[in-house]
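For reference, the chains in residue letters:
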Amino acid sequence: MNITEFKTIVIGGGPAGMQSALSASEGGDSVLIIEREEKLGGILKQCIHDGFGVIRYNEKLSGPEYAGIDMDKVKKDLNITVKTQCFVTDLYKDEKTGKFKIFASTESGIEIFVSKFLVLANGCRERTARQVQIHGSRPAGLLTAGAAQAYVNLMGALPGKNIVILGSGDVGLIMARRFTLEGAKVLGVYEAGSKPSGLMRNIHQCLHDFDIPLHLSTTVTRVFGNRRVEAVEIAKTTEGFQIVAGTEQIISCDTLVVSVGLIPENELAEKLKIKMDPKTNGPIVTEYMETSLKNCFSVGNALHVHDLVDDVSEGAEIAGRYIAGLPPLKNKKRIHEATEYEGAEVFGKEIVCTTCPNSCILMAELLDGGGVKVAGNKGGCKRGIKFAQYELTTPMRTLTSYVKTTRKSVPFASVRTEKEVPKDKLFDIMEILKTTVIKTPMKRGEVVVENVLNTGVNVILTTEVY
Amino acid sequence: MLIDIRARILYNNIMEDFNKSFNKIKEKIESLYPNFKVEPHNGGIRISGEAEDYNDILTAGNLAVDKVNSRGVINDVVLKNHEYKPMRLPEVKDNSLEGAKPDVLIIGGGIVGTAIMRELSRFNLDILLIEKEYDLATAQSSRNDGMIHAGIDLKPTSKKLHYNMRGNALYDTLSKELDVPIRRVGQYVLFTGRLQKLIYPFIKSRSRKNKTSIKFLSKEKIRAKFPSTKLNYGGIFCYKAGIVSPYLMTVRLAESAVINGAKLSLNTACLEIENNGESVVSVLTNRGRIFPKVLINASGVWSDKIAEQAGDRFFTIHPRRGTEAVLDKKAGVVTNSVIGRFAFTGKSHTKGGGIIRTIDENILLGPTATESPDREDEDTRREELQVLFKKHGEVTPLLDPRQVITYFAGTRAASYEEEFIVERSPVIKNLIQSAGIQSPGVTAAPAIAEDIAKFTLQALNLEKSAVLKDNFVANLTTPPRVNELSLEERDALIKQNPDYGIIICRCEEISKGEIIDAINSPIPCHTLDGLKRRIRTGMGRCQGGFCAPLITKIIAEQTGVSILEVEKKGGGKILFEKTK
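Analysis parameters
Residues numbered from 1 in each chain as written. Chains lettered and ligands numbered in written order. Predicted model: local features only at pLDDT ≥ 70, side-chain atom pairs only at ≥ 80, totals over all residues. Heavy atoms only, no water. Helix = DSSP H or I, 4+ residues; strand = E, 2+ residues; numbered from the N terminus. Rg over C-alpha atoms; globule rule 2.2 N^0.38 Å. Buried < 20%, exposed > 50% of the residue type's maximum accessible area, 1.4 Å probe, protein only. Contact = heavy atoms within 4.5 Å. Areas by Shrake-Rupley, 256 points an atom, 1.4 Å probe, with all protein chains shown as cover. Lys, Arg positive; Asp, Glu negative; His and termini not counted. Charge placed at Lys NZ, Arg CZ, Asp CG, Glu CD. Axes fitted to C-alpha atoms, helices over the stretch in contact; angles between N-to-C directions. Parallel < 35°, antiparallel > 145°, perpendicular 65-115°, else oblique. Left-handed = near helix turned anticlockwise from the far one by under 90°. Nonpolar A, V, L, I, M, F, W, Y, C, P; charged D, E, K, R; others polar. Patch = residues over 30% accessible without salt bridge, like charges linked within 9 Å, V, L, I, M, F, W, Y side chains within 5 Å. Salt bridge = Lys/Arg side-chain N within 4 Å of Asp/Glu carboxyl O. 1 Å grid on protein atoms, 1.4 Å probe; cavity = no way out; pocket = protein on both sides within 12 Å on 5 of 7 lines; lining within 4 Å. Points joined across faces, edges and corners; volume = space filled by probe spheres on them. Disulfide = S-S within 2.5 Å. Buried area = accessible area lost by both parts, 1.4 Å probe. Polar contact = N/O pair within 3.5 Å; in protein donor to acceptor, adjacent residues only side chain to side chain.

S.K.: Which residues make up the overall build of chain B, and what values go with them?
M.R.: On a plain count of helices and strands, chain B comes out with 15 helices and 29 strands. Here chain B has a C-alpha radius of gyration of 24 Å; the compact-globule value for 580 residues is 25 Å, and the two agree. Its C-alpha atoms give chain B principal-axis dimensions of about 75 × 65 × 50 Å. Of all 580 residues assigned to chain B, the portion counted as buried reaches 62%. By sequence separation, contacts in chain B at least 24 residues apart represent 73% of the contacts at least 6 residues apart. Approximately 23000 Å² of chain B is accessible, and the part contributed by carbon and sulfur atoms is 52%. Here chain B contributes 83 positive and 71 negative side-chain charges, whose respective centroids are spaced 6 Å apart.

Structure follows, in C-alpha cells:
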C-alpha cells in the first residue's frame, strides 16, 4: 500500500472540491482531489438544465458546462492530482504530526494519503419519501428526484409515464420539465407548505410553460401498489404541516418522485469529531470555511445546502486561497433578494423574468408604437425589458436535453440550444434530438445540430464526448 | 366426510372430553353471536357465519380455543363488506415443473421452509422448494427484528419454548457453517411499574423451568445503563438473547441446501392440491403439476389455506400486522443490545416490541401488533409509527424521529392457539405441517427443521434406512465483504479483482465486486430488493438514492438484459422506456 503526501487533500470532485483545489494550488503547492465516482463534476454531471453561472460567468450555462470549465482548469493545473473512483474508507488527524491520514479504496488497491490541509467537499444527499412520512407500500416507482434525474439524464430511460412529484424545490420543478420534455406526463407537483420552495423562475419555466399544476398546502401521504406504484393518496396540510383529516384523495399514477430536501453529507466530518451546526447539518466554520478542527475546511453543499452553484464556487475559492496563503478576492456583485413588484400602478400582464435567479416579477405591456412598458425589473435591468418584450410577443426559452452517442464512455451526451428558441418549438426540437446520434469524439460547445428547425439557433454539446 | 371420520377415530380417546368442552364453547359463542354456527370439524372446532366487526371474529375465535381437547380453531366467519385481498401470485406461467416427482415438496421459502430444505439436503433425497414470491424471505422472515430469543416469556410446556431453546442452541453452529454473523448481546427487560420487582422470584423460577439464564437488575443498575429512562423500576437481563439478520440466514440456508443438491423454484405458487382423503396426490402450480411423495407445508400466513387444500385444516391464521422503524446507525448510542419491557401476560404478541440494535448496527423500533383481516397487508401507517416513538421514547429520550431512515410492516402467521404447529398429519399421511409459526420463529426454525426432517423420513418410510450423504457440505463458502477485511486483506483482494475496489453503495460501503458476487450467487439474485437482503446495498441512510441507478446498470450488464428489464422486486420494473 502506497503512502503519498500532498499539501492539501480535497475530498469530493464536484464544483466545491474542484474550485477549492484550483485555488489551493495557486501558490504552487500539491493538491489531491479524491472523487468516489468515475468522473469529476459531482451532481452537476446530471444537472443538464441551464441556469448555472449567472453570477460567475454572466451566462446561463448547463450543469455539465459549468463543471466542464472547472474540469478543464483542473486538467491543466500540474499541481493537482485527481483520483477518481476513489472512496475514503477511513481518516483521522495524527495528533503528533498534525497531519491528516486518509485511507481509500480504489480500483488498484487500498491507498493511503497524507496531507497538512483537508477540504471536505462531499456534497449532500436527498431526504427520502420515508423521511417525510409517506406510508403505504414500497413498490418500484417511488424514487427521489436525484435518482430520477440520473435515470433520465444519464441513462436515457424514463422511470415513469404518469408521474406525481412531491416537493416544489428546484430539483423537483426541473425534473417536472425534464420528464415532460422527454415524453412523460407530470400529473402535478404537490407542496406541503403554503408557498413554493423553488425559485419563481423555475415555477414559471418548468411548470407554467407546460401547464403542470402546482398544488400548495397539499402533500402525499400514502403510496398504493405492490410491485409498481399504482396510485398515491394526497391530503391538505395546515400551516403547521399537519394533515387535514377528510381531505384525502386518491390519484392514479405509476410513479412518485420526491424532492423534499437535501441533507449535507457529513459522515467523514463526524468521524473527525468536527463541531456541527444543528441548523444547517453542516460543520460550524470560520469566515475562511475552517472547521473546529484546525486545517480542516468544509465547502459546498456539505457545509450547507446552497441554492446557487456560483455561491458554492465562491465559498470554495475562499477556503482554497486561504490554504494557499493568498488574500481573499473581492466578492462578485451579489444578487438581490427576489421581491414582488411593488409599484403603485398595476398594468399589463404579470410576467416572471427567467433570465436570472432573481426571478423578478414584472408588469409588462406592449406599447402601440412598438416597444414595451416594464416595471418591477430591479435597477431597471435591461435584460428584464428584453425578456418582457419577447414574452409578450414570441416567448423564448433555452432547451436542454441530451442525445445518444455511439461512444461507450458517454452513452448520452448533454446538449442545449446555443440561444433561446421560440417556446412553441420546444417539442419539435425534442423530436429532432431523439434521432440525433453523435458518433465521433466532440468537444464541449461544438455544434450538434446546425440551425435547428430554421430557428437560426444551433444545438451545442454541453459536455465532452471522447 | 372421510377426513372428518378419520380425525374422529384418531381422536377417539378424547372424544368424550371434546364433546363436553365443545358444548360449552358452542354455548358461549352462540350466546354472544347468535348468527355464528359452531360445529365440530376435523378434530377441531369450526365457527362460520358473517360479522360486521372484525373484532367479533377474533373474539369468537379466541373463545373457541381448547388446547387440551380440540385440535384447533377453524374460524370461517367472514367480515361483511370486506374485500379480502387475494394471495399475491407470480405473473410467470410455464411448464418447467410439469410432471416433477420429488421425494419432498416444500411450500414456502421463509426461514422455516429453507431450514427444512437444508436439513433434508443432508440425505439422499430429491427435494424441491417452491416459493411464490420472486425471492426468499420476503414475508415474515424479512419483516422481522432478527432477535434470537432467550425464551423467558414463553410458557414452559409450549412447543414455542421447546423449539426456541433448541433453536437458540443451534444458532452458534449455524452461524459458523453458513457465515451468517450473530451477536449474543443479551436482552434487557425493563419493569414498567414499582411492584413488578416483587414477582422476580416467579420470573426466576420460570427461567429455571425454561432453562434460560437471567439476572436481576436493580433500579440503580438500570439507571447506570440507561441514564435518562422514564422506566426506572429495575428489570432483568436475559443472557441467551442474540441478534441475527433473519433474511441473510434464510438466503444462506437455501444456498447451502441448493449446493447440497436441493432444488428451488421461485415465482412458483401452489394453486391447487389434489388429495384423495388419505394422501396428497399432486400439487398444481403456475409452472406445472408436481407429484411429490411428501408435502411439507411451511407457507406462513397462508398455511391454513394450504392445509385445507391438502386435506387437513384444523387451525386458522389470523394475520397480525407489525410495523418497525429503522433508525440510522448513528442512533446506535441508544443501546448495543436489545431492550424490551416486562409484560404480565406472558404472551409475546402483547409486548409490542422493543429497541434493538441490529446485527448491521441500525436501531430498530418495534414491532407493533395490530390484527388485520388481510394476510399480505404490508402497508405502513402513520399512526403506528407515532406509537413506536411514543412508546420507546419512554425507555430512552435519545430516540430522534429525524434519525428514521425507513420503516416497514409485515404480518405474523398467528393461530388462535398462539402456538406452533409442527406435526405429521394424522389425517393425510404424506402431509407434514409447520404452521402458525410467528415469533420466536426465526430462533425456532433450525429446531423445527430437525423435527420436520424426522417426520419426513417417517413418511417416506426411511426413518431406519435413510443414510446421511457422505458428501454433504456443511460449510458454505461465501463471497468476501470488503468492509470487514483488514486493510492488507482488502488491498490484496482488490489486486486480484479491481471490482472489489469500486464502492457502489456509499452508505454501507459495498463494492461492485460484492454486487456481482450476489447477482451470480448459488441462488442468482437479479433484483434491487433481493440484493438488499443479501449484501445491504441501498439499506443505508440514502436508501438507494445514489446507488440504485448504478446497480440497475450492473444487473443489466451481468445478466445481459436491457436496463428496462431490471426490477426492484418481482414484477416491479424500475424503468418504462428509453427516451432516445
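The discussion continues.
S.K.: Explain the packing of helix H3 (residues 145-154) of chain A against helix H4 (residues 170-182) of chain A to me, using residue names and the numbers behind them.
M.R.: Angle between the axes and distance between the axes are the two parameters that describe a pair of packed helices. Residues and elements named next belong to chain A. Where H3 contacts H4, the axes come no closer than 10 Å and their chain directions differ by 30°. Judged by the inter-axis angle, H3 sits roughly parallel to H4. As H3 runs across H4, the sense of the crossing is left-handed. In contact with Ala 145, Ala 148, Gln 149, Val 152 and Asn 153 of H3, H4 contributes Val 171, Met 175, Arg 178, Phe 179 and Glu 182. Counted by class, the contact of H3 with H4 contains six nonpolar, two polar and two charged residues.

S.K.: Can you explain a positive patch on the surface? Please cite residues and give values.
M.R.: Positive charge collects at one region of the surface, where Arg 194, Lys 197, Lys 219 and Arg 223 of chain B lie side by side. Here Lys 197 of chain B lies in the loop between strand E8 (187-190) and helix H6 (200-210).

S.K.: Kindly report on the layout of surface pockets, identifying the contributing residues and their values.
M.R.: Empty space within the second largest pocket amounts to approximately 1000 Å³. As for the second largest pocket, its lining consists of 32 residues, and the residues nearest its centre are Asn 281 of chain A together with Asp 400, Pro 401, Arg 402 and Gln 403 of chain B. Among the residues making up the lining of the second largest pocket, the classes are represented as 15 nonpolar, six polar and 11 charged.

S.K.: Help me get a handle on the state of the cysteines, residues and values and all.
M.R.: Residue and element names in this part refer to chain A. Across all of its chains, the model carries zero disulfides over all chains by this definition. Residue Cys 86 stays outside any disulfide, its sulfur separated by 17 Å from that of Cys 296, the closest cysteine. Given the relative accessible area of 1%, Cys 86 is considered buried.

S.K.: Mind laying out the interface of chain B and chain A, listing which residues take part and the relevant values?
M.R.: Many descriptions give the size of an interface as the accessible area lost when the pieces come together. Each partner contributes to the interface: chain B provides 54 residues, whereas chain A provides 57 residues. For the chain B and chain A pair, buried surface summed over both sides reaches about 5100 Å², with 54% attributable to carbon and sulfur atoms. Contact with chain A buries area across many residues of chain B, yet Arg 382, Thr 579 and Lys 580 of chain B alone supply 16% of it, more than any other trio. Here chain B and chain A share eight salt bridges between them. Our count for the contact surface shared by chain B and chain A stands at 30 residue pairs in polar contact (both at pLDDT 80 or more). Secondary-structure elements contributing two or more residues to the side of chain B that touches chain A are helix H10 (382-393), strand E22 (404-412), helix H12 (487-496), helix H15 (547-559), strand E27 (567-569), strand E28 (572-573) and strand E29 (577-578) of chain B.

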